[in-house]
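Below are the chains, spelled out letter by letter.
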Amino acid sequence: NWQGYFIPGTSILRNRVGALTPEALRDAENDLVEARVIELREAPELLGDRTYDLTYLRAIHRQLFQDVYTWAGDVRTVG
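The rules behind each value
- Residues numbered from 1 in each chain as written.
- Predicted model: local features only at pLDDT ≥ 70, side-chain atom pairs only at ≥ 80, totals over all residues.
- Heavy atoms only, no water.
- Helix = DSSP H or I, 4+ residues; strand = E, 2+ residues; numbered from the N terminus.
- Contact = heavy atoms within 4.5 Å.
- Lys, Arg positive; Asp, Glu negative; His and termini not counted.
- Charge placed at Lys NZ, Arg CZ, Asp CG, Glu CD.
- Axes fitted to C-alpha atoms, helices over the stretch in contact; angles between N-to-C directions.
- Parallel < 35°, antiparallel > 145°, perpendicular 65-115°, else oblique.
- Nonpolar A, V, L, I, M, F, W, Y, C, P; charged D, E, K, R; others polar.
- Phe/Tyr/Trp six-rings, centres within 6.5 Å; stacked < 30°, edge-to-face > 60°.
- Buried < 20%, exposed > 50% of the residue type's maximum accessible area, 1.4 Å probe, protein only.

A.B. asks: Residues and numbers for the overall build of the protein chain, please.
C.D. replies: Looking only at helices and strands, one finds two helices and zero strands in the protein chain. Counting only C-alpha atoms and orienting by the principal axes, one finds that the protein chain spans roughly 40 × 30 × 15 Å. Restricting the contact set of the protein chain to residue pairs at least 6 apart, pairs at least 24 apart contribute 46%. Between the averaged position of the 9 positive side-chain charges in the protein chain and that of its 12 negative side-chain charges there is a distance of 5 Å.

Here it is, written out as structure tokens:
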């Protein structure tokens, strides 16, 4: 059920930044993820060994989106 990922009554993903519009969420993602990308460029060891398996890909997602979504890096629970 995808509804658990949305703010009730909206089509906006639940988020840590308090964004209530698609534009506000997009802007927050852009700003916060950009800072995390810079962080990873300077310290790629934050992700551990480059295995490119699911665990590694989840670590990338968690690192990039941790400031925006509580489920960053988690495997989705819907089909």
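Let us keep going from here.
A.B. asks: Residue-level account of the packing of helix α1 (residues 22–42) against helix α2 (residues 54–65), with values.
C.D. replies: Between α1 and α2, the shortest axis-to-axis distance is 7 Å and the interhelical angle comes to 120 degrees. With respect to α2, the axis of α1 lies oblique. In contact with Glu29, Val33, Arg36, Val37, Glu39 and Leu40 of α1, α2 contributes Gln63, Leu64 and Phe65. Residues belonging to the contact of α1 with α2 are distributed by class as follows: five nonpolar, one polar and three charged.

A.B. asks: Residue-level account of the packing of aromatic side chains, with values.
C.D. replies: Tallied over the full model, the rule gives five aromatic pairs. Aromatic pair Phe65 and Tyr69: ring centres 6.2 Å apart, planes at 40 degrees, arrangement tilted. Seen in terms of ring centroids, Tyr69 and Trp71 are 5.1 Å apart; in terms of plane orientation they differ by 25 degrees. Their pairing is stacked. An identical accessibility class is assigned to Tyr69 and Trp71; each is buried. Of the aromatic side chains, those joined through ring pairs into one cluster are Trp2, Tyr5, Phe65, Tyr69 and Trp71.

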